[in-house]
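Analysis of the macromolecular model
The residues making up each chain are set out below.
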Amino acid sequence: MRIPIFLLLLASTTLMSAQTTRIIPLRFIPTYDRNHTLTQGIHLQDSSFYSNDKDSIEIRTLKFYISGIQLNMDSDVVWKETNSYHLIDASNEQSLSVPLTIPIGIDFKRIIFNLGIDSATNVMGVQGGDLDPMRGMYWTWQSGYINFKMEGNSPLCKTRHHAFEFHIGGYHCPYNTFQCVSLPDHKAKEGINIYILLKELLSTIDLARTNQIMTPGKEALWISKEVKKCFTTFLDVR
Amino acid sequence: MKKLIVLLLLTSLAFSAYKVTDILRFIVPTGWPTPAYDFTQNPLSTDKIALGSALFYDAILSRDSTISCATCHSPYSAFTHIDHPFSHGIDNKIGTRNAPALMNLAWSTSFMWDGAIKHLDMQALAPMSNPDEMDESIKQVVSKLQHNKRYPILFFKAFSDSTITGEHTLKAISQFMLTLVSCNAKYDSVLRKEASFTEQETNGYRLFRANCASCHKEPLFTNNQFENNGLSVDTSLHDMGRMRITQDSANYLQFKVPSLRNIQFSYPYMHDGRFTRLQQVLNHYTNGITRSKTLSKPLQEPIVLSSNEKVDIIAFLYTLTDKTFLNNERFAYPKNILQ
């Protein structure tokens, strides 16, 4: 009989401490372009097809790392997540929402995060959780995380099964693909929504010519800069 | 009363989270540099090392359970693939590089002939996933281990967690490899003043210091750098060496300087295993140097050695053979665990 009393006590103390912070979900919403009204974004499981103006594109895999999440008031950092490494996987609903635990009373105007894994972590010993090589985002033939992975099919690709594969990574200068994304916050009630407009990336790649990038280098660096441009907090539905 | 329950709960929590494992200290031989490996991130313990040795010798790590790490890295030849210029892997596929000897890895700052791997923990991923070597993914390996009758218990003993992860698998393999320390050759006894060189060995040592030690730096017999030691390009392989990783032409044909410890038994030599005898290696350094833009400085002036002097250097190189390392029971196939 005493145990429930104790549990009640415990529950109330955790509740009290919870009141000094709030949870803001940081939601990643992969979508095709601004016209795409699907606020839910694309579901890779349904193997949705997207018309790239004239050609269809099927995206099978979309995975990337987000790290070093911070919130800014103009140029001042007001909050920083510790040990901030997240694997976002479009085929795993749960991974698309990152809960940020933020002290009450903190106001911010910008959300800033890195796309990929910093060079120090790339050369560290093996890590667990989202950084576990088991997640399939670590190169095996050489050291380094794959920061961004997109795989799919398009009739434009004259490859086996018309497949394209982009494994973007590399932490060495001058081909460091670690990119910083800084976006304005829109004070949405439900949290921070970040749309990923894949058209921004797919329209710059000539899939007939470039359909496989699996190593660090010039091309990977270029793609990483294009990927960065896909992220937006602003979705203008026409 | 409430207080008492809280206290009890806390102690039992603390108790379950803490398991008494003997944390081992890694002993650095006198006069050796500080290891590059950060042991605080992966503290050695008897159970972890035992688990690592089981994994190292178990073919479960390969797709069809035919190849283990020890297939290519045999304990009897300083953990290299003796007599094979190229390592043989799964389905009898042949790789393009010679398997290096595995020893003193705690001091290495990079791995593979071209330094593709920056941390020992990540090394095992490469052969596991290589379609010509073990052809298996770490995810698949973890799932096989989890469903094996032996491993969940071994992982629990080692990490107090029977849920197997990639992190724990790789950390355990590292632990076993870190114990492969070779520091008891005749050379070491001489430095410790417990033995002395013969006249021939003394002369060989002098010549070695003058011609070779800038790259094969004592006491590890490597400076951990990438150098072009003037090997001619094998046009059938066209291995660019370090440049493959950096994509910088300044690194063309540079390879990691290998240690020369136990060199007597780790033939064939060089990244492509082109030489089978040390005599051929010495002839290369005196007469075989191919000049190119990236040829390392110490080799730009020709090395002149008489045939007697070459024999003396080889006699010295034989003093780097560490019998206690080559026949160490602790590194052998863990019969008690695997059978």
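Residues numbered from 1 in each chain as written. Chains lettered and ligands numbered in written order. Predicted model: local features only at pLDDT ≥ 70, side-chain atom pairs only at ≥ 80, totals over all residues. Heavy atoms only, no water.

Tallying secondary structure elements over chain A gives four helices and 13 strands in all. Expressed as a percentage of its 238 residues, the buried residues of chain A come to 50%. Within chain A, contacts between residues separated by at least 24 positions form 72% of all contacts whose residues are at least 6 apart in sequence. Carbon and sulfur atoms make up 56% of the accessible area of chain A, which totals about 11800 Å². (Helix = DSSP H or I, 4+ residues; strand = E, 2+ residues; numbered from the N terminus. Buried < 20%, exposed > 50% of the residue type's maximum accessible area, 1.4 Å probe, protein only. Contact = heavy atoms within 4.5 Å. Areas by Shrake-Rupley, 256 points an atom, 1.4 Å probe, with all protein chains shown as cover.)

Attention now goes to the overall build of chain B. Across its full length, chain B carries 15 helices and two strands. Expressed as a percentage of its 339 residues, the buried residues of chain B come to 53%.

What follows covers the sheet that holds strand 13 (residues 231-232) of chain A. Residue and element names in this part refer to chain A. Here four strands make up an open sheet; going across it, the order is 6-1-11-13 and the pairing mixed. Edge positions in the sheet fall to strand 6 (97-103) and strand 13, since each of these pairs with one other strand and no more. In the sheet, strand 1 (residues 21-31) pairs with strand 6 via seven bridges, with the strands oriented antiparallel. Its bridge partner lying in strand 6, Pro25 is registered against Pro99. (Pairing = 2+ DSSP bridges.)

With that settled, consider the confidence of the model for chain A. Interpreting fine coordinate detail is not advised for predicted regions of low pLDDT. Put simply, chain A has an average pLDDT of 84, and 82% of its residues get 70 or more. Across residues 37-41 of chain A the pLDDT falls below 50, and counting only partners more than four positions away or on other chains, this stretch makes eight contacts in the model. (pLDDT = per-residue confidence, 0-100.)

To continue, consider the pattern of salt bridges. All names here are of chain B. Here the structure, examined in full by the defined rule, presents twelve salt bridges over all chains. Where Lys186 meets Glu201, a salt bridge forms, and the shortest distance between an N and an O atom there is 2.8 Å. Residue Lys186 is found in helix 9 (residues 186-191), and its partner Glu201 is found in helix 10 (residues 199-211); the two are separated by 15 residues along the sequence. Lys186 sits in the partly exposed class, given a relative accessible area of 29%. On the accessibility criterion, Glu201 (12% relative accessible area) is buried. Note that Glu218 is salt-bridged to Arg209, the shortest N-O span being 3.0 Å. If you follow the salt bridges from partner to partner, you end up with Arg97, Asp114, Asp239 and Arg244 in one network. (Salt bridge = Lys/Arg side-chain N within 4 Å of Asp/Glu carboxyl O.)

Residue and element names in this part refer to chain B. Enumeration over the complete set of coordinates arrives at zero disulfides over all chains. With no disulfide of its own, Cys72 lies 8.8 Å from the sulfur of Cys69, the closest cysteine sulfur. Overall, Cys72 belongs to the buried group, its relative accessible area being 12%. (Disulfide = S-S within 2.5 Å.)

What follows is about the nonpolar core. With 69 residues, the main nonpolar core has Leu51, Leu55, Phe56, Leu61, Met128 and Tyr151 of chain B as its most contacted residues. Leu55 of chain B has contacts with Leu61, Leu145, Tyr151, Phe155, Thr169, Ala172 and Ile173 of chain B, leaving out every residue within four places of it along the chain. Listed in part, the 45 residues of the second largest apolar core include Phe108, Leu198, Leu201 and Ala220 of chain A. (Core = buried A, V, L, I, M, F, W, Y, C linked by side-chain atoms within 4.5 Å.)

Size of an interface, as often reported, equals the accessible area lost when the parts are brought together. Parsing chain B into structural domains produces domain 1 (38-181) and domain 2 (186-323). With centres defined by C-alpha atoms, the gap from domain 1 of chain B to domain 2 of chain B works out at 27 Å. (Domains from an automatic or database assignment.)

So, on to the environment of Val126 of chain A. Relative to the elements of secondary structure, Val126 of chain A occurs in the loop between helix 2 (119-122) and strand 8 (146-153). For Val126 of chain A, the contacting residues outside a window of four places in its chain are Pro133 of chain A together with Asp121, Met122, Glu167, Leu170 and Lys171 of chain B.

Residue and element names in this part refer to chain B. Under the counting rule described, the total for this entry stands at 29 aromatic pairs over all chains. Here Phe56 and Phe176 contribute two aromatic rings whose centre-to-centre distance is 5.1 Å and whose plane-to-plane angle is 50°, an arrangement assigned as tilted. In this pair, Phe56 is assigned in helix 2 (residues 46-57) and Phe176 in helix 8 (residues 166-178), connecting sequence segments 120 residues apart. Look at Phe56 and you get buried, because its relative accessible area is 1%. Judged by its relative accessible area of 1%, Phe176 falls in the buried class. When the ring of Tyr57 is compared with that of Phe176, the centres are 6.2 Å apart and the planes differ by 65°; the resulting orientation is edge-to-face. Of this pair, Tyr57 sits in helix 2 while Phe176 is found in helix 8, placing the two residues 119 residues apart along the sequence. Through successive ring pairs, a cluster of aromatic residues spans Tyr187, Phe197, Tyr205, Phe208, Phe221 and Phe316. (Phe/Tyr/Trp six-rings, centres within 6.5 Å; stacked < 30°, edge-to-face > 60°.)

We now examine unusual backbone geometry. Cis geometry marks the peptide bond from Cys173 of chain A to Pro174 of chain A, where omega comes out at 0°. Positionally, Pro174 of chain A belongs in the loop between strand 9 (163-169) and strand 10 (179-184). For the peptide bond that leads from Glu218 of chain B to Pro219 of chain B, omega is -5°, which places it in the cis range. Among the structural elements, Pro219 of chain B can be located in the loop between helix 10 and strand 1 (226-227). Even without being glycine, His161 of chain A reaches a positive phi, approximately 55°.

What follows is about the packing of helix 2 of chain B against helix 7 (residues 151-159) of chain B. Residue and element names in this part refer to chain B. Put simply, helix 2 and helix 7 touch, their axes get as near as 8 Å, and they point 145° apart. Every pair of crossing elements has a handedness; the one defined by helix 2 and helix 7 is left-handed. Side by side, helix 2 and helix 7 meet where Asp47, Lys48, Leu51, Ala54 and Leu55 of the first sit next to Tyr151, Leu154, Phe155, Lys157, Ala158 and Phe159 of the second. Tallied by class, residues from the contact of helix 2 with helix 7 come to eight nonpolar, no polar and three charged. (Axes fitted to C-alpha atoms, helices over the stretch in contact; angles between N-to-C directions. Left-handed = near helix turned anticlockwise from the far one by under 90°. Nonpolar A, V, L, I, M, F, W, Y, C, P; charged D, E, K, R; others polar.)

All names here are of chain A. Among the seven residues that make up strand 9, six are buried, leaving the element largely enclosed by the rest of the structure. For strand 8 and strand 9, the ladder comprises seven bridges, and the chain directions are antiparallel. Bridged to Phe148 within strand 9 is Ile168. Where strand 9 meets strand 12 (residues 212-213), two bridges bridge the pair, whose relative direction is parallel. Paired with Phe166 across the bridge in strand 12 is Ile213.

Listed as interface residues are 25 residues of chain B and, on the opposing side, 23 residues of chain A. Across the chain B to chain A interface the summed buried area is about 2100 Å²; carbon plus sulfur atoms make up 69%. In this assembly, chain B and chain A are joined by zero salt bridges. The tally of links between chain B and chain A comes to eight residue pairs in polar contact (both at pLDDT 80 or more). Of all the secondary structure elements, the ones that give two or more residues to the side of chain B that touches chain A are helix 1 (2-17), helix 4 (120-123), helix 5 (125-129), helix 6 (138-146), helix 8 and helix 11 (243-246) of chain B. In terms of residue class, the side of chain B that touches chain A is made up of 13 nonpolar, five polar and seven charged. (Buried area = accessible area lost by both parts, 1.4 Å probe. Polar contact = N/O pair within 3.5 Å; in protein donor to acceptor, adjacent residues only side chain to side chain.)

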